[in-house]
Amino acid sequence: MQLAMVGLGRMGANMVKRLAKNGHECVVFDRSAETVANLAKEDGVTGASSMEDLIGKLAKPRAIWLMIPAGVVEQTIEEIAPHLEPGDILIDGGNSYYIDDIARAKMLAEKGIEYVDVGTSGGVWGLERGYCMMIGGSKAIVEHLDPIFKTIAPGPGTIDRTPGRPTGVGTAEDGYLYCGPNGAGHFTKMVHNGIEYGMMAAYAEGLAVLKAANIGKHVHEVDAETTPLRDPEHYQYEFDLPEITEVWRRGSVIASWLLDLTATALIDDPEMSKFGGRVSDSGEGRWTIKAAIDEGVPTPVLTASLYERFSSRGNSLFSDKLLSAMRFQFGGHHEVPAAK
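Residues numbered from 1 in each chain as written. Predicted model: local features only at pLDDT ≥ 70, side-chain atom pairs only at ≥ 80, totals over all residues. Heavy atoms only, no water.

It is not clear to me how the sheet that holds strand 5 (residues 89-92) should be interpreted in this structure. Could you clarify?
In a beta sheet, neighbouring strands are held together by backbone hydrogen bonds and run either parallel or antiparallel to one another. As summarised here, the arrangement of the eight strands in space is 3-2-1-4-5-6-7-8, forming an open sheet in which the pairing is mixed. Where the open sheet ends on each side, the last strands, each with one partner, are strand 3 (45-47) and strand 8 (176-180). Here the average twist between neighbouring strands, direction ignored, is 25°. By the bridge criterion, five bridges tie strand 1 (residues 2-6) to strand 2 (residues 25-29) in an arrangement that is parallel. The residue of strand 2 that forms the bridge with glutamine 2 is glutamate 25. Most of the contacts of helix 9 (residues 184-211) go to strand 6 (residues 114-121), to which it runs at about 20°, and overall it touches strand 5, strand 6, strand 7 (132-136) and strand 8. (Pairing = 2+ DSSP bridges. Helix = DSSP H or I, 4+ residues; strand = E, 2+ residues; numbered from the N terminus. Axes fitted to C-alpha atoms, helices over the stretch in contact; angles between N-to-C directions. Contact = heavy atoms within 4.5 Å.)

Where do I start with the packing of aromatic side chains in this structure?
We describe a pair of aromatic rings using the distance from one ring centre to the other and the angle between the two ring planes. Scanning all chains against the criterion turns up seven aromatic pairs. Between tyrosine 237 and phenylalanine 239, the aromatic rings sit 5.3 Å apart at their centres with planes inclined by 25°, giving stacked as the arrangement. Here tyrosine 237 falls in the partly exposed class, since its relative accessible area comes to 47%. Aromatic rings pair up to connect Tyr97, Tyr98, Phe187 and Trp287 into one cluster. Looking at arginine 129, its charged tip hangs above the ring of tryptophan 257, at a distance of 3.8 Å from the centre. Lying across the ring of tyrosine 197, arginine 309 places its NZ or CZ 3.6 Å from the centre. (Phe/Tyr/Trp six-rings, centres within 6.5 Å; stacked < 30°, edge-to-face > 60°. Buried < 20%, exposed > 50% of the residue type's maximum accessible area, 1.4 Å probe, protein only. Lys NZ or Arg CZ within 6 Å of the ring centre and 35° of its normal.)

Sorry, what's going on with the pairing of strand 2 here?
Along any regular strand, the residues point their side chains to alternate faces of the sheet. Of all five residues in strand 2, four are buried; the element is thus mostly enclosed. In this fold, the crossover linking strand 1 to strand 2 by way of helix 1 (residues 12-21) has right-handed handedness. Where strand 2 and strand 3 come together, three bridges link them in parallel fashion. Directly across from cysteine 26, in strand 3, lies its bridge partner valine 45. Viewed along the sheet, the connection from strand 2 through helix 2 (residues 33-39) into strand 3 turns out right-handed. (Right-handed = clockwise from strand over helix to strand, strands pointing away.)

In short, geometric facts, not functional conclusions.
As structure tokens, this is what we get:
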């Protein structure tokens, strides 16, 4: 098939390479002309100098995939939509809010333009591993685009089949799935990322407990402001975190690709000296929790993991200062200086 790709960042460019390598024709555009020129050197890839140029190089009905940050999708659609015609297809493969998908699909439908939302997971490893995709939109249009999705997806690979699963059922075993009408793809990806927050927090917190298990070997100040360590002899361990994550990868119930990446990170930098600890959130965790509130579904783990990300960026600093102020007011407690 022929596909246009707008946005050639960490994922968009690799998706184009994966498509072109497997016989699809790609027309590409990015704000960086240099990025476009470099990718256009690949067989099967044609560069475009503008949105108008991009659209002019596409056969009708056109299929245009946006692989851009959620914050600029609206602006990009406003820029591109006037040049589209009934029957054209606009695909948002980023991390947009599913409620925005519903509104965009309705607006574009009035012009006869199809809209498909694709929650895409795979990150910088997608060129090699493929991309897991959760898809929303018209089922007929999604089926029309199936050759694109099938090529981008990981395929069944070496993963064992789920015991008892019927054969020949759907596309999920290939790593992509039609989830329902507009918004369903990004809703599914939103919850996927909310779960990701919780899993990441669980690994990080557990490994932090292991790292601090030598606290009994350190001398601690004895004062009224510090809870004493009652049994220092219980905390005399020097755990090798890279080795622990490695052994967990082998047959453990908590083994996962995320643990594989964690083990790699600990080999590269055991003390995490390259990082400041300010953890970003790009929206999906917040939206997952909002949906949970609307549905009345308790999500304490996911919520706590999101709040920890806020705290990591200093957003709890004022409330922490206020806690110290209250302790001083009612008990004359002075802050203990931070450890150096």
